[in-house]
Amino acid sequence: MTLKGLLLYYVIAFVAITSCVQAKYRVYNTSQGIVPGKLNVHLVAHTHDDVGWLKTVDQYYVGSNNSIQGACVQNVLDSVIPELLADKNRKFIYVEQAFFQRWWDEQSEAMQHEVKQLVGSGQLEFINGGMCMHDEAVTHYIDMIDQTTLGHRFIKNEFGVGFDSFFYGRIDYQDRAKRKNEKSLEVVWQGSRSLGSSAQIFAGAFPENYEPPPGGFYFEVNDKYPIIQDNIKLFDYNVQDRVNDFVAAAISQANITRTNHIMWTMGTDFKYQYARTWFRQLDKFIHYVNMDGRVNALYSTPSIYTDAKYASNESWPLKTDDFFPYADRAHAYWTGYFSSRPALKRYVKVMSGYYLAARQLEFYIGRSETGRNTDSLADALAIAQHHDAVTGTEKQHVANDYAKRLAIGYTEAEEVVATALACLVDSPSDNGCGRSTTRFQQCPLLNISYCPASEIDFSNGKNLVIVIYNSLGWKREDIIRIPVANGDVTVFNSEGKIIESQLVPPADAFMDLRDYYVRAYLGRNPMVPPKYWLAFPVSVPPLGFSTYTISSVKRGGGHSIRSSIQTFESSDKSTVEVGQGNLKLIFSSDKSKPINYINNKSLVEESVEQSYSFYPAYNGTNDKAPQNAGAYIFRPNGTFFIKSEGQVPLTVMRGPILDEVHQKINEWIYQVTRLYKGKEHVEVEFIVGPIPVDDGLGKEVVTHITSTLETNKTFYTDSNGRDFIKRIRDYRTDWDLEVNEPVAGNYYPINLGIYMQDVKKEFSLLVDRALGGSSIVDGEVELMLHRRLLLDDSRGVAEALNETDCVLDECKGLTIQGKYYFRIDTIGDGAKWRRTFGQEIYSPPLLAFTEEDGDSWRNSHVTTFSGIDSSYSLPDNVAIITLQELDDGKILLRLAHLYQIGEDKDLSKPTNVELKKLFPRKKIGKVTETSLSANQERTEMEKKRLVWKVEGSSSSGEESKLARGRPVDPKELVVELAPMEIRTFIIDFDHKSYRRAFDA
């Protein structure tokens, strides 16, 4: 130690002794604010509380199951609040409202009053404010908005506060190193110009994820790092040593950060369970560091920090893309989780679309104050967006808990839907919904061919009534497929006219799936398997329903057409053409040639080859720096192409509604290629599993769709189901990529779809759930459909991703059933299909079934209904993503423009929505535009929004140049939407006009 340091050491020691002599206890000066001209270290006290991961959300909250992890969120909040009350200068931030709301409901009025004062004074600040800290890769944008809205509206209602910055905990290790060198860890993020209405956000990547800086600054009661020992009477006095550690760490971070402000994230997973141990040390650091004087330390929050950065008048780098894919070191890409737990990902996607429809129907009949509502499903979906939930990176028992919550939520929402439809189909002469005797059933296991409601015996004289609800804002023309017990049936539309229908025999592979999983899910054997799938076309008005009736042939006359079946042996070496309309596919029976794709309308012709392979999972146990493939990490060890086993025939089924081509790829992969009459896309339905692992190898199964397109390493993937982002293989826009994983390092999350193009054509593919995919070879798209792994990847979950299902004592690896869809267009013409059909995938027709005796349904019930004006439908480029009655009776409405600038020559333009025609039966009293999460008025939000200076720009950012819809005129009530814009409104109706939806 230098003489100067030694003298300073004794000065500080003398002060400490004097303080000890003059008072019973030490009083630390924690009041310091920002000091101009000094390096300001913003100490942000926080905890990162996973809403499920190694333990379930409730186990984390109450602190049970501690044999897995010693974590109790209840203790965190119980101990933080008194510590904040003990010193008005202390500050703390909290995120996860799923936990905070549990805690809040248990508090006394006196404690709630104290907490409200802490929030009002800025000591307690809510960050993010959603029910969870949602994932950024595999979540759908509607779910992200919904879960954030739940949290934000709670905060607004309880604390009266609304929510300009965004901070990333994790970015790629190569990207982080580059940004440190360039002092560009903090940027202004703005969606690309193609987004049109994207706002600026100040975005920062922490130097060390969301942890404290290196140097031993963890202070949980059992942490191993040195505290400040400032009692001169005791051994191990270390004030100056710890001050030096602090200053060294601060200067190190300042060297990679712009301005004289740096943030230290003082906390990490489930810290502050005994908050005093943290705040005692933070108090001491602030006190002694500021006495030292080399840097300035203060209690802070992200809001204070962001305001300080803004006040510096610095120009910042501009970022317009995302941070994917992410690796935390060489050979460790977090791209496996894009496909982990594909069944859970599908369940979340299905429940999300169902929730959207259920809220609409709840609105049309009025929200129940005492009965069933959609709140339980809302909560379950919100929690499922957590970055260790839908991601598939949780332990198996936690995944089961998420699914259980979704099932409970669905059960309640199912009753809401059934009640609403029963109300809406009642004769208009009835008043209210209480007298309805109609009982609707739904079929949540229709994906595995199980629907007891449709598999009835028609010989007893009953008819099957199907009410089909369309949650889209435009008329829907679709094909419905349901299982039926026999083929002697006739289908009638809402007008009582016989319509064309087709009977398709189910494949054994699907019936085996049905039998096993009905027993696994319901604990009982299913009924006699259905003999056919019944397919028929439907037409359903926007935000409304149509009714279809199925009768026995004897009663209804007419009949459904049975599919013709042909089997082509591999030895035939013949070609097979399928397709009822403009689109034709020509298959080679021996699979020796690619499929010939021909669209007679667009004159597009292309050779398409579809195949399967798996990546053996890397086992790095014996490596010096081991890195296995696991729930998070995708690390392939070669590629194994899957070929058909033996002479497997091609089975073709044809009929007036659809054609199918069945292919058994091997014992655990089955595929159906399907073309519908009047549709110009290909549907591929697959069954994958159980993936065999008796050879000791984990496997990651992918499908390849190969074309002749010359794509020059370029393809496009969606961002959370919203905008499409340009991807270039082995390339990053912001930094030079060192390629060490040529496959995993080029995988991206896909929620909606992926497309590629050359100068003549574009190939688009849409998916039915979040998964990972890429274009590893020019002209080819690959999707990862399923993963089964035998080793953990050492990212904390400590469990192999080896999903199984059990029936009695028999357990098998998980089998996945799913679909993807593809289409080939001339260049520039693919966007409309991607956007329109993408909405149809997210919001499938909602089917409700009931039986009737006789033929009186049309005379006693409403057979068709639309919630909007009969002469109106939404523009083709707009979707209603929220229509919901809130607790206070007001209506939450969100409208989204579906297109990016330049995406389509006709639809990438501003458009209008007429609210009067959207709500023709209600008189609109007041329309208030709000923030996206509906917790503050937009005009208030705009006043507070910061416009940041961007490097290379002559003005303060480019936000002012971006197109946005005009304010809504209170008389005209027309909403204008610019490309990619989402607008949110709270609507008050004149209560005198608040009547049942179909009352005139």
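Attention in this report is confined to the structure presented alongside it. The structure presented is a predicted model; accordingly, all values stated were derived computationally and were not measured. (Residues numbered from 1 in each chain as written. Predicted model: local features only at pLDDT ≥ 70, side-chain atom pairs only at ≥ 80, totals over all residues. Heavy atoms only, no water.)

## Concerning the overall build of the protein chain
Keep this limit in mind: Each helix is a run of H or I in the DSSP string that is no shorter than four residues. Each strand is a run of E no shorter than two, and both are numbered from the N terminus. Remark: exposure states derive from per-residue accessible area (1.4 Å probe, protein chains only) relative to the maximum for the residue type, with buried under 20%, exposed over 50%, and partly exposed in between. Only the protein chains shown count as cover for residues, and the accessible areas themselves come from Shrake-Rupley with a 1.4 Å probe.
Each helix and strand counted, the protein chain has 19 helices and 49 strands in total. Burial statistics for the protein chain: of 1000 residues in total, 61% are counted as buried. Of the roughly 39,100 Å² of accessible surface on the protein chain, 50% is carried by carbon and sulfur atoms.

## Describing the pairing of strand 29 (residues 682–688)
Going by this rule: DSSP-based pairing: two strands are paired if at least 2 bridges between them are found.
Summarising burial for strand 29: 7 of the 7 residues are buried, a large majority. Alignment of strand 29 against strand 40 (residues 816–826), held across 7 bridges, turns out to be antiparallel. Considered in strand 40, the bridge of Val682 is made with Phe822.

## Observations concerning the environment of Phe492
With respect to the helices, strands and loops of the structure, Phe492 is situated in strand 14 (residues 489–492). A residue is classified by how much of its surface remains accessible, and Phe492, at 15% relative accessible area, is buried. As a C-alpha pair, Phe492 and Thr549 span 57 residues in sequence and 5.0 Å in three-dimensional space.

## Quick notes on the packing of helix 3 (residues 73–86) against helix 5 (residues 109–121)
Helix packing for two helices is described by the angle between their axes and how far apart those axes are. Applied cut-off: All axes are obtained by fitting lines to C-alpha atoms, using only the stretch in contact for helices, and the reported angles, taken between N-to-C directions, cover 0 to 180 degrees. Note that the term roughly parallel is reserved for angles under 35 degrees, roughly antiparallel for angles over 145, roughly perpendicular for angles of 65 to 115, and oblique for everything else. Less than a right angle of anticlockwise turn of the near helix away from the far helix marks a crossing as left-handed, whereas a clockwise turn marks it as right-handed. What makes two residues a contact is simply this: any of their non-hydrogen atoms within 4.5 Å. Three residue categories are used. Nonpolar comprises Ala, Val, Leu, Ile, Met, Phe, Trp, Tyr, Cys and Pro, charged comprises Asp, Glu, Lys and Arg, and polar comprises the others, including Gly.
Packing of helix 3 against helix 5 leaves a shortest axis separation of 11 Å and a crossing angle of 60°. In terms of their interaxial angle, helix 3 and helix 5 are classed as oblique. In the crossing of helix 3 with helix 5, the sense of the turn from one axis to the other is left-handed. Seen from helix 3, the contacting residues are Ile81, Leu84 and Leu85; seen from helix 5, they are Met111, Glu114, Val115 and Leu118. Its residues assigned to classes, the contact of helix 3 with helix 5 comprises 6 nonpolar, no polar and 1 charged.

## Some thoughts on the state of the cysteines
Put simply, the test is: Only a pair of cysteine sulfur atoms within 2.5 Å qualifies as a disulfide here.
According to the stated counting rule, one finds 2 disulfides in the structure shown. With a sulfur-sulfur separation of 2.0 Å, Cys443 is cross-linked through a disulfide to Cys451. Handedness here is read from the sign of the S-S torsion; for Cys443 and Cys451, about 60°, the answer is right-handed. With a sulfur-sulfur separation of 1.9 Å, Cys806 is cross-linked through a disulfide to Cys811.

## Concerning the sheet that holds strand 17 (residues 532–540)
The strand order 13-17-16-19 describes an open sheet built from 4 strands, whose pairing is mixed. Both edges of this open sheet fall to strand 13 (476–484) and strand 19 (561–562), since each of them pairs with a single strand only. In this sheet, strand 19 lies alongside strand 16 (residues 502–504) in parallel orientation, the contact comprising 2 bridges. Within the sheet, the bridge partner assigned to Leu503 lies in strand 19 and is Arg562.

## Regarding the packing of helix 4 (residues 97–105) against helix 6 (residues 141–159)
The interhelical angle for the contact between helix 4 and helix 6, taken along N-to-C directions, is 35°, at an axis separation of 10 Å. Regarding helix 4 and helix 6, the two cross each other, and that crossing is left-handed. Along its contact with helix 4, which presents Gln97, Phe100, Gln101 and Trp104, the element helix 6 presents Leu150, Gly151, Phe154, Ile155, Glu158 and Phe159. Grouping the constituent residues of the contact of helix 4 with helix 6 by class yields 6 nonpolar, 3 polar and 1 charged.

## Quick notes on the pattern of salt bridges
Short version of the rule: The salt bridge definition used is simple: a Lys or Arg side-chain nitrogen within 4 Å of an Asp or Glu carboxyl oxygen.
Tallying each qualifying case throughout the model produces 58 salt bridges. Glu951 is paired through a salt bridge with Arg258; the nearest N and O atoms lie 2.4 Å apart. Taken together, the residues Glu951 in the loop between strand 47 (949–950) and strand 48 (974–977) and Arg258 in the loop between helix 8 (239–254) and strand 8 (261–266) connect sequence positions 693 residues apart. We classify Glu951 as partly exposed; its relative accessible area is 40%. Between Arg367 and Glu362 there is a salt bridge; the shortest N-O distance is 3.9 Å. Accessibility classification places Arg367 together with Glu362 in one group, the buried group.

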